[in-house]
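Close look at the chain arrangement
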2 protein chains.
Amino acid sequence: MISGERFSVIYRLVGKEKEAYRKARDICLEQTVEFPEELIPDGMIKDEIVGRIENFLPVSNNVYEVTISYANELTANEFTQLINVVFGNISIKPGYRVERLELPHSMLSQFQGPRYGRAGLREYLGVKDRPLLFTALKPLGLNPEQFADMAYKCALGGIDIIKDDHGLTDQVFAPFNERVYRCVEAVEKANRETGLRCIYVPNITAPMDKLLARAKTAKAMGAKGLVVSPAIVGLDAMRFLANNDEIALPIFSHPAFQGSYVLAKNNGISHFALFGQITRLAGADAIIYPNYGGRFSFNREECEAIVMGTSVAMEHIKSIFPSPGGGISLDRIEKLLEVYGREVIFLVGGGLFKQGNDLIESCRFINQLVNKY
Amino acid sequence: MISGERFSVIYRLVGKEKEAYRKARDICLEQTVEFPEELIPDGMIKDEIVGRIENFLPVSNNVYEVTISYANELTANEFTQLINVVFGNISIKPGYRVERLELPHSMLSQFQGPRYGRAGLREYLGVKDRPLLFTALKPLGLNPEQFADMAYKCALGGIDIIKDDHGLTDQVFAPFNERVYRCVEAVEKANRETGLRCIYVPNITAPMDKLLARAKTAKAMGAKGLVVSPAIVGLDAMRFLANNDEIALPIFSHPAFQGSYVLAKNNGISHFALFGQITRLAGADAIIYPNYGGRFSFNREECEAIVMGTSVAMEHIKSIFPSPGGGISLDRIEKLLEVYGREVIFLVGGGLFKQGNDLIESCRFINQLVNKY
């Protein structure tokens, strides 16, 4: 009944050696049997079901990294239960942090991962090797006509991907159907003029009873990708959409409501694991995150960890695009090109508007910057 | 287009007065327009869409509480978008914490909340006014027959609610259908013998494509309630299930993967708001959380805040049961009765087994304790 195949999670534990080791033992129980150790019956449960400490190493003063392996069968081939085994109950205890996952072929083969990934998205957009450009329609409160006008100008100016601001859902001032219809139309018009393949990607983060319908409507109206905030609809809802062959659109993951997992140094999940590995398993083709030096607090090291997580080898699970945003001003792009290289999607929202009154010109300016690179 | 109706969120901000006030202003923009303040056009967007500081008060040294109001229309009557407005992007910034929601009638009326609530669940279970008793089938690795035997004994011993351990989904060693079938049968058999109305509640936390099917299967097989981990399937998925009239079963919310929101004192969401107010809006009839003094780190004050959140006035949104668990040993029950009173569901898992070899006797022991009270 138990194959012997196991997957591993590396946790970072805080405490003196004895305390950290106690925490490691605690994970083995808490994430599996949730049962007093002394009462666990001998045999399969003790030998196979309880997590197993494979490695326990100091990484700095009072910080340890422990590798714990779990029987594949614990996850029942379910992404939801994989998340639960990795960090369900342990999320409620201070001083435990998920650093990275180590998933063998037998586990990875249960997931499809991103449909497009980096190479697929480049082909889809017809952009060979320069950094990609991404913007957001904002501010909330404009009407569909105004958003469509903005989308038209950004597409004319050479932006590759134009998304809804993540707070745009189905508000009275910009109803979903009308907004999607108009923005698709505007971007297609611009594409006919430029010969480019800019895409408009609506936000479909929505109540469960409307989520799939919105994705289908968007697809039917000609939208070429989807924005999803997985912490709001559930990571698995994103996976479900990404794996849906009828929809088959690129997925852009937005970090709204997800920050609490990464902000505390000693709790939660690492940037590498959450925005990289887990987001890939959940099927996103690009992960939006707040860049260092903008409005948010991630530092450069954390952003680089995300980039690593988006491309670390995971067999058939494709590499995805890091998409730094959150207050990127255009004058930082050249510096950021040096840091991120070409395999990046720069998300520039407010920065485009700060650049000057002519939105098309601002887009052309940034387009030239990345084209030179 | 904008009604003028607004709802409010109280945030706790850390910093000196000037810094805290800057954070308050930042919330007003970040949670709505996400746009440079100086570029926001005059008129409706500036006047109505941008969040509004209604109150700003010091609560202790370098800690402030700010009340920010938002136009109802921002949420588009969607629970997902309400969550996003309350704590979407701000979740990614350190030093911002949601303390509580203040929702007017116009906002509350958009939500059904719990179907049963405290009074409804008491009626459903036929237990008038004593504290309720809850246990979990564990450890993972047992087979359906063993779980059913355990359920039978617990039901005979006077436990009111018997749930799957939250890690039980559809593993090969205890497949969902067989487990639910056998456990329902076992509890019904015990009920025929005792004349009581014990219920078995399976865990239906599952991938999106299986979630509803599992709930329906459980209902069809005679399960009388459902366990859901909302951080894993999405808070709104729980609301969806709770509001489904075809299912119409009590919902027990499990905190797996949810801990990161509450662990950091200065970030995230308060225990009161997350486990109380938000969980009620999401339709749970009881909220499971780790009790103080057990295996987890919540302190008594935090647990009392949860209790307050489960019953604070929210118009037609019913009060729900706090369900402390996570390492409650039977010798603490008497003390906990003094703290929690009668309006509580004690979740006792491993503690029952630690009590002695005779599970029925252990259940009777705790049943007598709460019946005396």
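Definitions and limits used
- Residues numbered from 1 in each chain as written.
- Chains lettered and ligands numbered in written order.
- Predicted model: local features only at pLDDT ≥ 70, side-chain atom pairs only at ≥ 80, totals over all residues.
- Heavy atoms only, no water.
- UniProt positions renumbered as here; feature names shortened; annotations may be inferred.
- Helix = DSSP H or I, 4+ residues; strand = E, 2+ residues; numbered from the N terminus.
- Least-squares fit on C-alpha atoms with pLDDT ≥ 70 in both.
- Contact = heavy atoms within 4.5 Å.
- Core = buried A, V, L, I, M, F, W, Y, C linked by side-chain atoms within 4.5 Å.
- Buried < 20%, exposed > 50% of the residue type's maximum accessible area, 1.4 Å probe, protein only.
- Domains from an automatic or database assignment.
- Buried area = accessible area lost by both parts, 1.4 Å probe.
- Salt bridge = Lys/Arg side-chain N within 4 Å of Asp/Glu carboxyl O.
- Polar contact = N/O pair within 3.5 Å; in protein donor to acceptor, adjacent residues only side chain to side chain.
- Nonpolar A, V, L, I, M, F, W, Y, C, P; charged D, E, K, R; others polar.

As for the UniProt feature "domain: Ribulose bisphosphate carboxylase large subunit C-terminal" (unreviewed entry) in chain A
This chain's UniProt record puts "domain: Ribulose bisphosphate carboxylase large subunit C-terminal" (unreviewed entry) on residues 120-353 of chain A. Secondary structure across residues 120-353 of chain A divides into 44% helix and 15% strand, with the first and last C-alpha atoms of the span separated by 30 Å.

Overview of the relation of the copies chain B and chain A
Expressed as a screw transformation, the operator carrying chain B onto chain A has a rotation angle of 180° and an axial translation of 0.0 Å, and the superposed copies differ by an RMSD of 0.0 Å. Look at the turn and shift together and you get a two-fold axis relating the two. Among all C-alpha atoms of chain B, that of Gly 234 of chain B lies closest to the rotation axis, at 2.0 Å. Most of the interface of chain B is mirrored in chain A, where 100% of its interface residues are also at the interface.

So, the nonpolar core
By size, the foremost hydrophobic cluster in this structure holds 248 residues, and its most contacted members are Leu 281 and Phe 346 of chain A together with Leu 281 and Phe 346 of chain B. Not counting chain neighbours up to four residues away, the residues in contact with Phe 346 of chain B comprise Pro 131, Leu 132, Leu 133, Phe 134, Pro 324, Ile 328, Ile 333, Leu 336, Leu 337, Tyr 340 and Val 370 of chain B. In terms of nonpolar packing, the next biggest core, distinct from the first, is built from 16 residues, Val 127, Ile 288, Phe 321 and Leu 347 of chain B among them.

Section: the domain arrangement of chain A
Residue and element names in this part refer to chain A. Partitioning chain A into structural domains gives domain 1 (6-108) and domain 2 (117-372). Just the C-alpha atoms count here: the centres of domain 1 and domain 2 sit 34 Å apart. Listed as interface residues are 20 residues of domain 1 and, on the opposing side, 23 residues of domain 2. Roughly 1,700 Å² of surface becomes buried between domain 1 and domain 2 when both sides are summed, with 61% attributable to carbon and sulfur atoms. The largest per-residue losses of area from domain 1 upon contact with domain 2 belong to Phe 79, Arg 97 and Leu 108, which jointly make up 43% of the total buried on that side. Counting across the interface, domain 1 meets domain 2 through 0 salt bridges. There are 16 residue pairs in polar contact (both at pLDDT 80 or more) connecting domain 1 and domain 2. Those elements that provide at least two residues to the side of domain 1 that touches domain 2 are strand 1 (6-14), helix 3 (79-87), strand 4 (96-102) and helix 4 (105-108). If you tally residues by element for the side of domain 1 that touches domain 2, the top one is strand 4, at 6 residues. Residue composition of the side of domain 1 that touches domain 2, by class: 12 nonpolar, 3 polar and 5 charged.

Some remarks on the interface of chain B and chain A
Residue-level contacts link 78 residues of chain B with 78 residues of chain A. For the pair chain B and chain A, the summed buried area comes to about 6,900 Å², and 66% of that belongs to carbon and sulfur atoms. When the buried surface of chain B facing chain A is broken down by residue, Ile 92, Met 208 and Phe 257 of chain B rank first, second and third, together holding 12% of it. Linking chain B with chain A are 10 salt bridges, by the criterion used here. Residue Arg 295 of chain A pairs with Glu 30 of chain B through a salt bridge whose shortest N-O separation is 2.7 Å. Linking chain B to chain A there are 34 residue pairs in polar contact (both at pLDDT 80 or more). Broken down by element, the side of chain B that touches chain A gets its largest block of residues, 6 residues, from helix 3 (residues 79-87) of chain B.

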